[in-house]
Every structure is written in structure tokens, then in C-alpha cells.
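The primary structure of each chain is shown beneath.
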Amino acid sequence: MVDALLDLLLRLSARERWLLGLLGMVVLPAALWAMLLQPLQARHDAARASRSEAQALGLWLVDRVGESTRMAPETTQSTHPPIGTSGLEQSLVDIGLRPQVSELSAQTGGTLRLRFDAVQFTQLSNWLSQSDPAWGYTIAAFRLERTGEPGEVAVDLTLDPQS
């Protein structure tokens, strides 16, 4: 096979051999870069930017929680009786969030699980800040994910009754 390739190259003129060498040394690596490596690099850069954005959002949330605890008035720890599933649902209806709820369920021990697949972040945060002090629950788990729409998030929330 090598002999056949050498014989083919020897039959070509010097100019043709030079162009064939140029093709092998410049054009093929450039095509490889354009078709394989450059798209991979672009995806890698997009993933890094997304990770940085998620980390920045996490730091922002931690700052807001710290800020709210510093600004919260010092009060005696009074526990309110849990409002239950129906009370929670009514508070969602009052603020207009009930249609965005994808799951609202009661679990053992009075724990409530609430999930939004897509909800406006500002509307959700307003509801949480209005409801939190008096609903008789503590937030046991809170997961927030950005969706494709600007200002919209997916939220998974677990509430435990105050003890």
C-alpha cells in the first residue's frame, strides 16, 4: 500500500505534490478545528459562564439571607400553629400564585411540599416574605433553579411545622 502511494506521488508534478502537502498540513487541520474543536470550545465556555452565573446567584442569595437576618427585628420566639395545606393554598390564591403551583402535598408529621415549575422570582419572594412569619412553618429545604425565561425560576420548597 505504501508502494502504491509513493508511486502515485512520484507520478504527480512538483506543483501538485506541493498543493497536496499544503492540503495535508493546513487545510485538513483547519477543517478539523472548525468542525470539531471550535464547537467543543464554545460549549465549554458556555458551561463555564453558566457555572459562574449560578455561583454568583448562590452568593447573592446568601447575602440576602444574611441581610434579612441582620435587619430582622429581635423578637421573642413565638410559635404560630401551622396553617396547613388549605391555609397555604389560600395564601397562594390571595397573591395570584396558585395557577403556577405544580405540586402541593402534605407528608407525614405535618410537613408540606410545594413545587413551582415556572414562577416569577419577584412574585415568589414577595409571597415568602409576607407569609413566612405567621404561617407556623420553617423552611426545611429550598431549591431554586433558573428557567429559560428571564426572571422566572423553578422552586422546590419543603416546610416543616414549627416546634
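Nothing here was measured: the structure is a model prediction, and the numbers come from that model.

A. Region of interest: the overall build of the protein chain. The secondary structure content of the protein chain amounts to four helices and four strands. Counting only C-alpha atoms, the protein chain reaches 95 × 30 × 25 Å along its principal axes. For the protein chain, with 163 residues in total, the buried portion stands at 17%. In the protein chain, of all internal contacts separated by at least 6 residues, the share reaching a separation of at least 24 is 54%. For the protein chain, the accessible area works out to roughly 11800 Å², and carbon and sulfur atoms hold 60% of it. Within the protein chain, the 18 negative side-chain charges are centred at a point lying 11 Å from the centre of the 13 positive side-chain charges.

B. Looking closely at the side chain of T111. As for its placement among the helices and strands, T111 is situated in the loop between β1 (101–106) and β2 (112–120). Not counting residues up to four positions away in its chain, the partners in contact with T111 are S105, A106, T158, L159, D160 and P161.

C. Representation of the pairing of strand β3 (residues 137–146) in the model. The pairing of β3 with strand β4 (residues 152–161) spans nine bridges and is classified as antiparallel. When the bridges of β4 are listed, T138 appears paired with D160. Between β3 and β4, which pair antiparallel in sequence order, lie five residues; one of them, G151, sits at a positive phi of approximately 75°.

D. Fine view of the nonpolar core. Formed by 19 residues in total, the largest nonpolar core has its most connected members in L88, L114, F116, W127 and V155. Each residue touching W127, except ones within four places of it in the same chain, is listed here: L88, S91, L92, I95, L97, L114, W135 and L157.

E. Spatial organisation of the sheet that holds β1. Overall, antiparallel pairing links the four strands, which are arranged β1-β2-β4-β3 in an open sheet. Unpaired on one side and paired on the other, β1 and β3 mark the two borders of the sheet. Sheet twist, expressed as the average angle between the axes of neighbouring strands with direction ignored, equals 15°. Relative to β2, helix α3 (residues 84–95) is tilted by about 15°, and along the sheet it contacts β1, β2, β3 and β4.

F. Local environment of the layout of surface pockets. When its volume is computed, the second largest pocket comes out at roughly 280 Å³. In this structure, the second largest pocket is lined by 14 residues; those nearest its centre are E53, L57, E145, R146 and V153. Contributions of two or more residues to the lining of the second largest pocket are made by α2 (14–71), β3 and β4. Here the lining of the second largest pocket is composed, by residue class, of seven nonpolar, two polar and five charged.

G. Representation of the pattern of salt bridges in the model. In the structure shown here, the tally under the stated rule is nine salt bridges. Across the salt bridge formed by E89 and R98, the nearest N and O atoms sit 2.7 Å from each other. Relative accessible area serves as the criterion here: at 28%, E89 is assigned to the partly exposed category. Residue classification places R98 among the partly exposed residues on the basis of a relative accessible area of 28%. With its nearest N and O atoms 2.9 Å apart, the salt bridge here joins E103 to R115. Here E103 is found in strand β1, whereas its partner R115 is found in strand β2, with twelve residues between them in sequence. On the basis of relative accessible area, R115 is assigned to the partly exposed category, the value being 27%.

Thresholds, definitions, all that
- Residues numbered from 1 in each chain as written.
- Predicted model: local features only at pLDDT ≥ 70, side-chain atom pairs only at ≥ 80, totals over all residues.
- Heavy atoms only, no water.
- Helix = DSSP H or I, 4+ residues; strand = E, 2+ residues; numbered from the N terminus.
- Buried < 20%, exposed > 50% of the residue type's maximum accessible area, 1.4 Å probe, protein only.
- Contact = heavy atoms within 4.5 Å.
- Areas by Shrake-Rupley, 256 points an atom, 1.4 Å probe, with all protein chains shown as cover.
- Lys, Arg positive; Asp, Glu negative; His and termini not counted.
- Charge placed at Lys NZ, Arg CZ, Asp CG, Glu CD.
- Pairing = 2+ DSSP bridges.
- Core = buried A, V, L, I, M, F, W, Y, C linked by side-chain atoms within 4.5 Å.
- Axes fitted to C-alpha atoms, helices over the stretch in contact; angles between N-to-C directions.
- 1 Å grid on protein atoms, 1.4 Å probe; cavity = no way out; pocket = protein on both sides within 12 Å on 5 of 7 lines; lining within 4 Å.
- Points joined across faces, edges and corners; volume = space filled by probe spheres on them.
- Nonpolar A, V, L, I, M, F, W, Y, C, P; charged D, E, K, R; others polar.
- Salt bridge = Lys/Arg side-chain N within 4 Å of Asp/Glu carboxyl O.

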